[in-house]
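Fold and contact review
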Amino acid sequence: MGRDSNNRASGIDAQLVQRVRRNQWTGAVVNLAPSAFWLGVFFLAPLAVMFFYSFGERGAFGEVLLATENLGLQQYRRFFVPEGLSVLGAVWTTTAWLIDTVIPGTQSLASTQPTPYVRLLFKSIGYGILATVVSFVVGYPMAYYIGHIAPEEYQNLLVVLVILPFWASFLVRIYAIQLLLSANSVLMSAFALLPFVEQGVTLMNSRFAVLLGLVYIWIPFMILPVYSSIEEIDFTLQEAAMDLGADRFEAFYHVIFPQSKPGVMAGSILVFIPSAGAYVIPELLGGTDSQMIGNFIADQFGSAGHWPLGAAGAFVLMGVMLLSIAAYQRGGGDLA
Amino acid sequence: MPQQQSTSDRRTFLRTTGAVSAAGLVGLAGCSGGSDGGDGGSGDDGSDGSDGSDGGGSDGGGGGSDGGDGEIEDELRVFQWGDYWPDGFVSGFEEEYDVSVSVSLYSSNEEMFNALNAGGTGQYDLIFPSDYMVNVLNEQDMIQSLNLDALSNFGNLSEMFEEAPYDPGEERYSVPYQWGTSGIAYNEEMVGDIEVTSWETMWNEEFGGQMSMLDDVRETMGAALKYLGYSLNTTEESEIEEAKELLIEQKDLLATYDSSNFPTNLINEQLSPLHAWSGGAFQAYWETFEDGSSPINYVIPEEGGVVWVDTAAITAEAQNVNAAHAFIDHFLDAEVGAEITNYTYYGSPNEAAEEYILDDVLNNESIYPDDETMSNLEYIENIGQATTLYSNAWQEIKSA
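Described below are features of the structure shown in this document. (Residues numbered from 1 in each chain as written. Chains lettered and ligands numbered in written order. Predicted model: local features only at pLDDT ≥ 70, side-chain atom pairs only at ≥ 80, totals over all residues. Heavy atoms only, no water.)

Let us now look at the packing of helix H4 (residues 87-102) of chain A against helix H5 (residues 116-149) of chain A. Residues and elements named next belong to chain A. The N-to-C vectors of H4 and H5 enclose an angle of 40°; their axes lie 12 Å apart at closest approach. Judged on the interaxial angle alone, H5 and H4 are oblique. Between H4 and H5 lies a crossing of right-handed hand. Here Thr-94, Trp-97 and Leu-98 of H4 come into contact with H5, specifically with Val-118, Arg-119 and Phe-122. Split by residue class, the contact of H4 with H5 holds 4 nonpolar, 1 polar and 1 charged. (Axes fitted to C-alpha atoms, helices over the stretch in contact; angles between N-to-C directions. Helix = DSSP H or I, 4+ residues; strand = E, 2+ residues; numbered from the N terminus. Parallel < 35°, antiparallel > 145°, perpendicular 65-115°, else oblique. Left-handed = near helix turned anticlockwise from the far one by under 90°. Contact = heavy atoms within 4.5 Å. Nonpolar A, V, L, I, M, F, W, Y, C, P; charged D, E, K, R; others polar.)

All right, on to the interface of chain A and chain B then. How large an interface is tends to be reported as the accessible area lost when its parts come together. With 30 residues of chain A in contact, the opposing surface of chain B contributes 27 residues. Connecting chain A to chain B are 0 salt bridges. For the interface between chain A and chain B, the tally reads 8 residue pairs in polar contact (both at pLDDT 80 or more). Broken down by secondary-structure element, the contributors of at least two residues to the side of chain A that touches chain B are H5, helix H7 (170-181), helix H13 (280-285) and helix H14 (293-301) of chain A. Considering only residue class, the side of chain A that touches chain B consists of 12 nonpolar, 11 polar and 7 charged. (Salt bridge = Lys/Arg side-chain N within 4 Å of Asp/Glu carboxyl O. Polar contact = N/O pair within 3.5 Å; in protein donor to acceptor, adjacent residues only side chain to side chain.)

What follows concerns the packing of H5 of chain A against helix H15 (residues 307-330) of chain A. All names here are of chain A. One way to put it is that H5 packs onto H15 with a least axis distance of 12 Å and a crossing angle of 40°. Crossing geometry of H5 relative to H15 is assigned as right-handed. When H5 is examined against H15, the residues Tyr-117, Leu-121 and Ile-125 are found in contact with a partner set consisting of Leu-309, Val-316, Leu-317 and Val-320. When grouped by side-chain class, the residues that make up the contact of H5 with H15 number 7 nonpolar, no polar and no charged.

Below, the discussion takes up unusual backbone geometry. Cis geometry is adopted by the peptide bond preceding Pro-273 of chain B, which originates at Ser-272 of chain B and carries an omega value of -10°. For Pro-273 of chain B, the location among the structural elements is in the loop between helix H9 (262-267) and strand S8 (274-277). A positive phi is found at Asn-205 of chain A, a non-glycine position, where the angle reads about 55°. Relative to the helices and strands, Asn-205 of chain A resides in the loop between helix H8 (186-192) and helix H9 (207-218). Positioned with a positive phi, Tyr-345 of chain B is a non-glycine residue whose angle comes to about 60°. Structurally, Tyr-345 of chain B can be placed in the loop between helix H12 (334-344) and helix H13 (359-362).

Residues and elements named next belong to chain B. In total, this model carries 7 salt bridges over all chains according to the counting rule given. The salt bridge partner of Arg-77 is Asp-125, with a shortest N-O separation of 2.8 Å. With a gap of 48 residues between them, Arg-77 in strand S1 (residues 75-81) and Asp-125 in the loop between helix H3 (109-119) and strand S3 (126-127) connect regions that are remote in the sequence. Judged by relative accessible area, Arg-77 falls into the buried class, the value being 16%. Under the relative-accessibility criterion, Asp-125 is labelled buried at 0%. (Buried < 20%, exposed > 50% of the residue type's maximum accessible area, 1.4 Å probe, protein only.)

Written out as structure tokens, the structure reads:
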């Protein structure tokens, strides 16, 4: 008897659960509640606090002043506008400096430099773009090989091999690179055997080391989406293109590559965002000139004790990330 | 042996006004409204024991059943730097006082400060802030004044550390635990037997590309300021500017700014000479110690540099105030203090402990510098809003 009624009760419960879940309104609540709670409490709420902080001011002891008279855009102003310049002046200085830096030859446009924060921000974006481009150049052929050329029975194995580095901690792998690049390591001693390379040379503490670290850590995020795009391409189209007179390169460029583009776009976003915001890699592999915006933000929350400026920096960086995602979507990407 | 109930913290004051006889409360003038956590069992160690007898000094033994007596609680929550006392140190205290101690670790003052700020000071009873952080914590009412009568071993401190510029005034909020310096370290295997006496070494082109400075605003700016002959706590814009220019000039000679890997870089002969904290330099020294010597040297430049002292302080909302006092008194004991220094190789502020400290440590000028060098050392002080001048300069150096 007891068992029976229990069964019946749980049957009714199950039915009820089904009905609740299927209902348009309650269903949304039940299904979304856990993730909404998680994101709300651990992501949105802290983010909102930080956003609020970014309008505050620093007290004499590094505390955050949030009284009404302290609130304002001063941290953002400080981030973007060099002392003694108007907002327009800052825009001009920044643009002129960017043109000077990016295009070689013109060295005279900017009379003053933008703030160190802005320079740092663009340097980080530069690192991000460079890491993305290198990941693409190295990762695309690999993804192409796994998705198309490799025998089917090995494909899964190769994909696992791409993911394999994630089995070891990120930090451990960065320290491993440190050991490889430092003077008198196995790798550097091998290099020293080459002509024109001095004994005891080191690649540590350089921009190269930072770039190497970024590419090494994030390249799987380029390979995997590209691979999944390429795997779905119907390669008979390539044959058709070649039948109609395209050579190998044309067939690839006009037929295959466009179809793998969604993967390339997704991979680029996945590599660019963590690279531009990197903190640990420049910290451990970089030299005197490889500080990135992530290190600056961490400094503000740590030893510099200037939370409002750090928060403002973090939101500027987030703005850059959102812009890059917007660009990606305009470029025909689909985030799903 | 009755101990005079002479001082009290403000929480006790709030608790005891109108209730217990608050006889002999002094030093409360100008107290700036503390926060009352509403816990139990706090209070000053006011029951008995008048003199400074050592060993297990504040054993309470009072008769009262709750509140205001000196009964040591059976729990203590400590927030401490990593690897800062020998193995078995905590369990020794636990056995002697019958207190169960839980220890959490942090790796920077700011980390500790942020943790207390975010979760309230009631999370921990005893913390170990460095000098300037004592000042910050005190200003923000996050630590409470100590009952010196409960610290029978307080007199063991050397005169130099009994007075503390970071903790001025009648009431004490902190007790020095260990101290050290920052200076220049180098590996002889890498640079040979060079003579280092001045900060000038760190600007010597001969060592271009193989040096590093600490990745710390006040330390590295401080080194440059000292080299220029200024105080490392200066708030003069022109002096800070000058130090900034000097550090930008130095940048080409450096491999990196680094404050976590320098001991490894010394040991593995990657970088030398480098700007180092004494503790890290000694760690490298012992790591490479063989047949009675080590290639690692550590020098405090003649222009002087930073001296720091880590202290013990009791949080404003501590739940186990008496146990915390007992813990402080425990490490102030001469033999216990020596034991810690013989393990960490940091200087001990404990003068009475010197009798038990190894001669190797005591006679080592880079741990216990001579008086003249000593007089050139400065604490990093909290300089309020001028901190922004330093961090701006630092940012410009980093992105120059």
